[in-house]
Amino acid sequence: MNIYLAGALWVVGAAAVAALVAYLIRRVGETDGIVENNEAAGQVFTIVGGLHAVLLAFVLISLFDGVGAAEDGASREAESLVAASWAADSLPEPARTQVHDLAKSYAVAVADQEWPKMRAGEEVAGPGWAALDQLRRSVADATVTDEWQQGRKAEAANQPWEVYQARQARLDTAAGEGISDVIWFALIVGSILSVALPMLFGGPRPVTHIIIVSILAGTLALLLFATQQLQNPYMGGAKVGPDAFEAAQVRLR
């Protein structure tokens, strides 16, 4: 389903349910003294709504940071891969060709095989680890004849470790469950309470009151939808792509 359509359904559905409940409360429920209760209900709403807003903001900021970290990690992984190949250009054959071919194979495997599995929430099992290990061995087994080649070999040997660290972080993030059940429970219950309290408010215009409650419910539903879409940066609405590895393939031709 299109993400915009899904988000609209979340917002409209929550707003419609809240409007119906608010209407029934004003239509069927006890209304005597409801206006006098506005001050007490408003004080409670300020506390509950404030705490819930802080929690939502904290979660969303963390998720946005996670998406940015995933993009930076993919770029670092691809750049280290290219750096290893470039450093190996100064090594003698067959190490030079082996490192170049393995680096290109790794970039292709990540973009074409691993990324679709991460987006589908599947376990990543492919030639990526094998290619990285072979690249490391090729550099380690290279025979150098002068100080310049020794320095380039050391540089080429350092880059696979950078690739490994970024790769492991990427796979750990993709395999993670996102937000814990405890946080989801707090977000959902807090949203329900934040919408329920304004329904206790009273006033001379029920239609205005119902509209206010429905707008609040729709807004909270929108934020929950954004939270759900951003909890895994490789799937959902975030969809961090393999652009860095596709660019690396171009550099490694």
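Worth saying up front: this structure is predicted, and the values here are computed from it rather than measured.

Each value, and the rule that gives it
Residues numbered from 1 in each chain as written. Predicted model: local features only at pLDDT ≥ 70, side-chain atom pairs only at ≥ 80, totals over all residues. Heavy atoms only, no water. Helix = DSSP H or I, 4+ residues; strand = E, 2+ residues; numbered from the N terminus. Buried < 20%, exposed > 50% of the residue type's maximum accessible area, 1.4 Å probe, protein only. Contact = heavy atoms within 4.5 Å. 1 Å grid on protein atoms, 1.4 Å probe; cavity = no way out; pocket = protein on both sides within 12 Å on 5 of 7 lines; lining within 4 Å. Points joined across faces, edges and corners; volume = space filled by probe spheres on them.

Participant: Help me understand the environment of A156 in this model?
Facilitator: On the secondary structure map, A156 appears in helix α5 (residues 147–175). You can call A156 buried: its relative accessible area is 0%. In sequence terms A156 and G66 are 90 residues apart; their C-alpha atoms lie 29 Å from each other. Excluding residues that lie within four positions of it along the chain, A156 makes contacts with A84, A87, A88 and V139.

Participant: Teacher, can you tell me more about the environment of R26 here?
Facilitator: As for its position among the elements, R26 is in helix α1 (residues 3–28). With relative accessibility at 15%, the residue R26 sits in the buried group. Separated by 181 residues in the primary sequence, R26 and V207 place their C-alpha atoms 9.7 Å from one another.

Participant: Looking at this model, I keep getting lost on the layout of surface pockets. Mind explaining?
Facilitator: Using a probe with the size of a water molecule, rolled over the atoms, empty space left in the structure can be pinpointed. There is about 240 Å³ of room inside the largest pocket. If you go around the largest pocket, you meet 15 residues; those closest to its centre are A14, S191, I192, V195 and A217. Elements supplying a minimum of two residues to the lining of the largest pocket: α1, α6 (181–196) and α7 (206–230).

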